[in-house]
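# Residue-level structural notes
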Amino acid sequence: MNLAREAIELLGQVARILWFEGTKHGMRDREWMALRFLSRANRFSRTPSALASYIGTTRGTASFIIGELERLGYVERTRSSKDKRSVMLSVTQQGKKFLARDAVNGLADAFAVLDDDSKLRFRDTLRHVLDQADAAEQRHHTDVCKRCIFLREDRTASENKSTVEFTCRLFRASIAEAEIELLCTSFEHHRQ
Ligand code: SF4
């Protein structure tokens, strides 16, 4: 029995739940992918270029997808007060509500019933596979700050309290603790 190949065949069929022909609830698979990503991305990655990079498409196609999501009222764009050319995308309340219909929720529910060790093993296995694919193709997948080479942690301890502050050395900006769990397309992990 070839366990590796069997696992990949199953993974491919799970992926078919996310990639489909036509529309589901009025949106195509790439629009679902974009809305899902924007709801989980950190502030550096909620931009048209980061979205294009995550979906693996051109800026033109990403703009078209953003336009569709805006038309449906699920995404809005704001311009930076410092640089008017810079755009930040955000999922609206209506978009967040619509995400309750996402097919991913069914997958998440199926994982949720597993014990914590199984969930951790599954997540780490997928990361291992992506890390190997990244090394072979000289790229970096999208992931969270926690594993990123650019994250700096400064710990301070006083009498009865210890605090930790996070900084992104790439963007030269502070990162709130809640943000380190969000997705970033500029993520890089240590190569072994
Ligand atoms: S530390 Fe890494 S993952 Fe986090 S914001 Fe900076 S580049 Fe992105």
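Small disclaimer: the values here were computed from a predicted structure and weren't measured. (Residues numbered from 1 in each chain as written. Predicted model: local features only at pLDDT ≥ 70, side-chain atom pairs only at ≥ 80, totals over all residues. Heavy atoms only, no water.)

Our focus in this paragraph is the overall build of the protein. Within the protein, the secondary structure is distributed over seven helices and seven strands. For the protein, the α and β elements follow one another from N to C terminus as α-α-α-α-β-β-α-α-α-β-β-β-β-β. Summarising its shape, the C-alpha atoms of the protein cover approximately 60 × 55 × 35 Å along the three principal directions. A burial count over the protein gives 33% of its 192 residues as buried. Contacts in the protein between residues far apart in sequence, at least 24 positions, make up 51% of those at least 6 positions apart. Of the roughly 12,800 Å² of accessible surface on the protein, 52% is carried by carbon and sulfur atoms. Taking the 32 positively charged and 27 negatively charged side chains of the protein as two groups, their mean positions are separated by 6 Å. (Helix = DSSP H or I, 4+ residues; strand = E, 2+ residues; numbered from the N terminus. Buried < 20%, exposed > 50% of the residue type's maximum accessible area, 1.4 Å probe, protein only. Contact = heavy atoms within 4.5 Å. Areas by Shrake-Rupley, 256 points an atom, 1.4 Å probe, with all protein chains shown as cover. Lys, Arg positive; Asp, Glu negative; His and termini not counted. Charge placed at Lys NZ, Arg CZ, Asp CG, Glu CD.)

If you check the shell around the ligand, you find Asn42, Phe44, Cys145, Cys148, Phe150, Leu151, Cys168, Leu170, Ile175, Cys184, Ser186 and Phe187 and nothing else. Grouping the constituent residues of the shell around the ligand by class yields ten nonpolar, two polar and no charged. (Near = heavy atom within 4 Å. Nonpolar A, V, L, I, M, F, W, Y, C, P; charged D, E, K, R; others polar.)

A few words now on the side chain of Asp102. Secondary-structure assignment places Asp102 in the loop between helix H5 (93-98) and helix H6 (104-112). Here Asp102 falls in the buried class, since its relative accessible area comes to 5%. At 2.7 Å, the side chain of Asp102 and the side chain of Arg36 are in polar contact. Setting aside residues no more than four positions away along its own chain, Asp102 makes contact with Trp32 and Arg36. (Polar contact = N/O pair within 3.5 Å; in protein donor to acceptor, adjacent residues only side chain to side chain.)

The next point concerns empty space enclosed by the protein. Using the criterion set out here, one finds one cavity of 30 Å³ or more in the structure. In this structure, the largest cavity encloses a volume near 100 Å³. Residue lining of the largest cavity: 14 residues in total, with Cys145, Cys148, Phe150, Cys168 and Cys184 positioned closest to the centre. Its residues assigned to classes, the lining of the largest cavity comprises twelve nonpolar, two polar and no charged. (1 Å grid on protein atoms, 1.4 Å probe; cavity = no way out; pocket = protein on both sides within 12 Å on 5 of 7 lines; lining within 4 Å. Points joined across faces, edges and corners; volume = space filled by probe spheres on them.)

Attention now moves to the sheet that holds strand S5 (residues 162-168). Taken in spatial order, the three strands of this open sheet run S4-S5-S6, and their pairing is antiparallel. If you trace the sheet from one side to the other, it starts and ends with strand S4 (151-157) and strand S6 (173-175), each paired once. Neighbouring strand axes in the sheet, compared pairwise and without regard to direction, differ in orientation by 35 degrees on average. Across three bridges, S5 lies against S6 in antiparallel orientation. Note on S6: the bridge partner recorded for Cys168 is Ala173. (Pairing = 2+ DSSP bridges. Axes fitted to C-alpha atoms, helices over the stretch in contact; angles between N-to-C directions.)

Turning to the UniProt feature "domain: HTH marR-type" (unreviewed entry) in the protein, a few remarks are in order. Following the UniProt record, the feature "domain: HTH marR-type" (unreviewed entry) maps to residues 1-131 here. With 61% helix and 8% strand, the stretch residues 1-131 has end C-alpha atoms that lie 25 Å from each other. (UniProt positions renumbered as here; feature names shortened; annotations may be inferred.)

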